[in-house]
Amino acid sequence: MIPRFYWLMNQRVTWTLLQVVVAVLLDNFTQAADQEKQRKAAAKAKDEGRTPIVYAIDPLLSALAHFDTSEDLSKRINLLFRVLDDNDSDGLSFKELQSGLQKFRVSPPIKISRDDWDTMTLNGKYLNSHDEVDSERFEMVMRHQLKLYVQRQMANSMEQVGMDGPGQIGTIL
């Protein structure tokens, strides 16, 4: 009786492990297929002279874009401001923003230039007398950048749909 019990348990374990292996292999296959599709779409876009528009802070905006309510977005932006404001001066300078963003572990790494800073602050419109952005204006800047990010993502998606041909996805977008 005991050997038969172990044989049955061994069969069940083997069957369960086989299902796990198949699931992992299937997941890896679908990921590889998705990556290949993205690679082909990027190559086709490059051949046609079209490339998706990507800006320096897009990885950060991608993370911010997952908010539930306007209040949730405000809390996230406020937290981001406090993390970036190294000297707790309630003001964020270009250097603070530049060094703070480089510390984030995002791909690709965020490297903001002075031109990016000028664009974000509307050529200094949001800066105070110390060439810094306070928390209130930082939220305005980030909300504006998030809006532009969403518009870029929609344009890039529409571009992809245009390459893949007409269909329901294009209508939905």
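Residues numbered from 1 in each chain as written. Predicted model: local features only at pLDDT ≥ 70, side-chain atom pairs only at ≥ 80, totals over all residues. Heavy atoms only, no water.

This part takes up the confidence of the model for the protein chain. Overall, the predicted model of the protein chain reaches an average pLDDT of 82, with 83% of residues at or above 70. Helix α3 (residues 70–84) holds the highest mean pLDDT among the elements of the protein chain, 94, whereas helix α7 (residues 168–172) holds the lowest, 55. (pLDDT = per-residue confidence, 0-100. Helix = DSSP H or I, 4+ residues; strand = E, 2+ residues; numbered from the N terminus.)

What follows is about the layout of surface pockets. Each pocket or cavity is described by its volume, and for the second largest pocket that value is around 160 Å³. Y55, A56, I57, D116, T119, M120, Q145, L148 and R152 are the residues that line the second largest pocket. Elements represented by at least two residues in the lining of the second largest pocket include exactly α5 (114–120) and α6 (135–164). (1 Å grid on protein atoms, 1.4 Å probe; cavity = no way out; pocket = protein on both sides within 12 Å on 5 of 7 lines; lining within 4 Å. Points joined across faces, edges and corners; volume = space filled by probe spheres on them.)

Here we come to α3. Under the 1.5 Å per step criterion, the end-to-end length of α3 is 21 Å for 15 residues, consistent within 8% with the ideal 21 Å. Of the residues making up α3, those classed as buried are D72, L73, S74, I77, L80, F81 and L84. (Expected span 1.5 Å × (residues − 1). Buried < 20%, exposed > 50% of the residue type's maximum accessible area, 1.4 Å probe, protein only.)

As a further point, take helix α4 (residues 94–103). Buried residues of α4: F94, E96, L97, G100 and L101, and no others. Angularly, the buried residues of α4 cover 160° about the axis, an arc narrow enough to put them on a single face. Pointing more than 90 degrees away from the buried face of α4 are the exposed residues K95 and K103. (Arc of directions from axis to C-beta.)

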